[in-house]
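Now for the letters of each chain:
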Amino acid sequence: MERENFGSKIGAVLAAAGSAVGLGNVWRFPIETGQNGGAAFIIIYVICILLLGLPIMISEFLVGRYTHANTAGAFRIVSNGSPWKWVGRMGIFTGWFILCYYVVVGAWTMHYTFLSVTNAFHEVPAKEYGDIFDNFVAHPWLPTVWLFVFIGVIHYVITRGVQSGIEKSAKLMMPTLFLITIFLAVCSVSLPGASKGLEFLLKPDWSKVDSTTVLDAMGQAFYSLSLAMGCLCTYASYFDKKTPLAKSAVNVSIIDTLIAIMAGFIIFPSVFNIGMDPNEMGVGAGLTFVSLPNVFQQALGNGSFLAVVFSSLFYFLLFVAALTSAISLHEVATAYVTEEFDMTRKKGAALVTATVLILGTMCSLSFGPLSGLTLFDRSIFSLFDDFSGRILLPLGGMLISIFAGWVLDRKLYRDELSNQGDLKTPYFKMLVFSLRYIAPLAIGLVFLDQLGAFGFLK
Ligand code: PHE
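For clarity, every value in this text was computed on a predicted model and none was experimentally measured.

K.L.:
Just to check I follow, could you spell out the overall build of the protein chain for this structure?
P.N.:
What the protein chain contains, in helices and strands, is 19 helices and 2 strands. For a compact globule of 458 residues, the expected C-alpha radius of gyration is about 23 Å, and the protein chain comes in at 21 Å, within 12% of that figure. Along the first, second and third principal axes, the C-alpha atoms of the protein chain reach 65 × 50 × 45 Å. For the protein chain, the proportion of its 458 residues judged to be buried stands at 58%. Pairs at least 24 apart in sequence give 82% of the contacts found in the protein chain among residues at least 6 apart. Accessible surface, the protein chain: about 17,900 Å² in total, of which carbon and sulfur atoms supply 66%. The distance from the centre of the 29 positive side-chain charges to the centre of the 29 negative ones in the protein chain is 10 Å.

Shown next as structure tokens:
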């Protein structure tokens, strides 16, 4: 079977950026930045991207493009049959695992877009936003309906193929996402009292920085760039031989970081406008589905046209961000089953979709009817979230950097990176140094931290 490629360089970068820009940019990065010293955190975050994120992203791109195969096949080829081939399989497993709970939140963003468009938050008293959310996620079937719709959209894009599905949707959705982000940021920044919000986000406060801040920044950089899950490797397997690897990785990182910072421009000016304390807003779901709907209504006029537009666009933005990331996760698994088990794309995608429907539904129901079902003291949703984010992700990242730095043939690396001598690679030595020493060590620390080894520091 003929293997598809992305049709253009810009399509390739937008698809990879679509994978990177996701919920993490909106519901974690801004709050982490605000609470951990503003610009001081951003500086540390950018250093993490330069030292660890980029070398690993470039390596994943390289393995994907060199082999033109799904992630399992790719690592089998570059590992020459050694046990390193398991790194690829592990990435696929991690991605699939993340997808199973990520779709649940994607479904919530659809419901909240719907609530916003229909002005359901009109005149809701501040203290009731928590109940709205709790009742929704615990509802016996409503979240599952949205879940099926969300997964249906992913399935549709994936079955259309690489160029007319993934690339075309990225070319449409990424610019849309960018425009909405700019519009919302400008609206929020022009609210009275906005400057305090910007100060909270941007003023460097080094006194808040300690060793755990650095670990947080590394973990966030990793998740945000979609590293170690086969996504970038799979997408790069659709790059043509002329796509510049390092430049593409830099572009993806810039887009991802800009969107994350702009998400802060959307959130904090509104928060300070209504005099709320950002330290009490929570992160993740609590922030996104409880604090923020309230903030937007209050800042823009409860039930007003502006509040409806702003809130609808905000949840639509989250939906688009989650969707493009989920598509990339689905593609990792689809490419794997299609190529390794010799199926048509349609069949492979259907198989992946079926498993995600089943496990995703279980994750979703773990907030309601299945809430009694726990393992290791965790609900099914938290189990998927914690196991993939805390264990598989850093472990995978560490193995990839060790593999790329120590095992992968140096000449092969250099030839691929320079597109067989066409491009200059003055950064090559630094890159190898990071892959060999800095990245494995740093990610090893994140890993130990996630396992709770540094609890005494907190
Ligand atoms: N990078 C995405 C985000 O910031 C999350 C993600 C992780 C997407 C892994 C795909 C793969 O939300």
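K.L.:
Quick question: what am I supposed to make of unusual backbone geometry here?
P.N.:
One can expect most non-glycine residues to show negative phi and most peptide bonds to be in trans. The phi torsion at E123 lies on the positive side, around 60°, for a residue other than glycine. As for its position among the elements, E123 is in the loop between α6 (85–117) and α7 (129–138). Overall, E123 belongs to the exposed group, its relative accessible area being 56%. Not every positive phi belongs to a glycine, and S226 is a case in point at roughly 60°.

K.L.:
Before we go on, may I ask you to explain the nonpolar core in this structure?
P.N.:
Soluble, globular proteins show a tendency: their nonpolar side chains are buried together. Among the nonpolar cores identified, the biggest contains 154 residues, and F6, F61, F150, F314, I327 and Y413 are the most heavily contacted of them. The leading source of residues in this core is helix α15 (residues 305–340), at 18 residues. Excluding anything up to four places from it in sequence, F314 contacts V26, L184, I266, T288, L292 and F296.

K.L.:
Teacher, can you tell me more about helix α4 (residues 39–67) here?
P.N.:
In an α-helix, one turn spans 3.6 residues; hence positions three or four apart end up facing the same way. Taking 1.5 Å of rise per residue, the 29 residues of α4 would be expected to cover 42 Å, and the 40 Å separating its terminal C-alpha atoms lies within 8% of that figure. Along α4, the sharpest kink reaches roughly 40°, centred on I49. The buried count for α4 comes to 23 of 29 residues, which makes it a mostly enclosed element. Looking at the residues trailing α4, positive phi occurs at H68, about 50°.

K.L.:
I'm lost on the environment of T176 in this one. Help?
P.N.:
Within the element layout of this structure, T176 appears in helix α9 (residues 162–189). A sequence separation of 144 residues divides T176 from V320, and the C-alpha atoms of the two residues are 8.6 Å apart.

K.L.:
For this particular structure, what's the right way to read the packing of aromatic side chains?
P.N.:
To describe a pair of aromatic rings, one takes the distance between the centres and the angle between the planes. In the structure shown here, the tally under the stated rule is 40 aromatic pairs. Between the aromatic rings of F29 and F41, the centroid separation amounts to 6.2 Å while the plane-to-plane angle is 55°, which identifies the pairing as tilted. Taken together, the positions of F29 in helix α3 (residues 29–35) and F41 in helix α4 put the pair 12 residues apart, joining distant regions of the chain. Residue classification places F41 among the buried positions, given a relative accessible area of 0%. Here Y336 and F341 contribute two aromatic rings whose centre-to-centre distance is 5.7 Å and whose plane-to-plane angle is 85°, an arrangement assigned as edge-to-face.

K.L.:
Hey, could you run me through the pattern of salt bridges in this one?
P.N.:
Between side chains of opposite charge, pairing is possible as soon as their charged atoms come close. The tally for this structure, following the rule as stated, stands at 10 salt bridges. Ionic pairing is found between E32 and R28, a salt bridge with its closest N-O pair at 4.0 Å. We classify R28 as partly exposed; its relative accessible area is 29%. Between R378 and D386 there is a salt bridge, with the nearest N and O atoms lying 2.6 Å from each other. Taking relative accessible area as the criterion, R378 reaches 31% and is therefore assigned partly exposed. Linked through salt bridges whose partners overlap, the residues forming this network are R378, D386 and R390.

K.L.:
I'm lost on the site of the ligand in this one. Help?
P.N.:
If you check the shell around the ligand, you find 15 residues, and the closest are A20, G24, Y102, Y223 and M229. Note that an oxygen atom of the ligand is positioned 3.0 Å from one of the backbone N or O atoms of L23. G24 places a main-chain nitrogen or oxygen 2.8 Å from an oxygen atom of the ligand. The fraction of the free accessible surface of the ligand (320 Å²) that becomes covered by protein chains is 100%. For the shell around the ligand, the elements supplying multiple residues, two or more each, are α1 (9–20), α2 (23–27), α11 (211–224) and α15. Residue composition of the shell around the ligand, by class: 7 nonpolar, 8 polar and no charged.

K.L.:
Honestly, helix α16 (residues 345–365) in this entry has me stumped. Any pointers?
P.N.:
Along its 21 residues, α16 runs 29 Å from first to last C-alpha, staying within 8% of the 30 Å computed at 1.5 Å per residue. Listed as buried for α16 are R345, G348, A349, V352, T353, V356, G360, T361, C363, S364 and L365. Next to the buried residues of α16 lie α6, α7, α8 (142–159), α9, α15 and α17 (380–407).

K.L.:
Explain a nonpolar patch on the surface here, please?
P.N.:
Taken together, F178, I182, V186, V250, I254 and L258 make up a surface patch of nonpolar side chains, about 460 Å² in accessible area. Put simply, the parts of the chain that give the nonpolar patch at least two residues each are α9 and α13 (245–273). Relative to the helices and strands, F178 resides in helix α9. In this structure F178 comes out as partly exposed when scored by relative accessible area, which is 30%.

K.L.:
Looking at this structure, how should I read the packing of α9 against α15?
P.N.:
When two helices pack together, their arrangement is given by the angle between their axes and by how far apart the axes lie. In the contact formed by α9 and α15, the axes pass within 9 Å of each other and the chain directions differ by 150°. Taken together, the axes of α9 and α15 lie roughly antiparallel to each other. Read as a crossing pair, α9 and α15 show a hand that is left-handed. A class-by-class count of the residues in the contact of α9 with α15 yields 19 nonpolar, 5 polar and 1 charged.

Quick notes on the rules
Residues numbered from 1 in each chain as written. Predicted model: local features only at pLDDT ≥ 70, side-chain atom pairs only at ≥ 80, totals over all residues. Heavy atoms only, no water. Helix = DSSP H or I, 4+ residues; strand = E, 2+ residues; numbered from the N terminus. Rg over C-alpha atoms; globule rule 2.2 N^0.38 Å. Buried < 20%, exposed > 50% of the residue type's maximum accessible area, 1.4 Å probe, protein only. Contact = heavy atoms within 4.5 Å. Areas by Shrake-Rupley, 256 points an atom, 1.4 Å probe, with all protein chains shown as cover. Lys, Arg positive; Asp, Glu negative; His and termini not counted. Charge placed at Lys NZ, Arg CZ, Asp CG, Glu CD. Core = buried A, V, L, I, M, F, W, Y, C linked by side-chain atoms within 4.5 Å. Expected span 1.5 Å × (residues − 1). Bend = angle between axes of the 7 residues up to and from the residue. Phe/Tyr/Trp six-rings, centres within 6.5 Å; stacked < 30°, edge-to-face > 60°. Salt bridge = Lys/Arg side-chain N within 4 Å of Asp/Glu carboxyl O. Near = heavy atom within 4 Å. Polar contact = N/O pair within 3.5 Å; in protein donor to acceptor, adjacent residues only side chain to side chain. Nonpolar A, V, L, I, M, F, W, Y, C, P; charged D, E, K, R; others polar. Patch = residues over 30% accessible without salt bridge, like charges linked within 9 Å, V, L, I, M, F, W, Y side chains within 5 Å. Axes fitted to C-alpha atoms, helices over the stretch in contact; angles between N-to-C directions. Parallel < 35°, antiparallel > 145°, perpendicular 65-115°, else oblique. Left-handed = near helix turned anticlockwise from the far one by under 90°.

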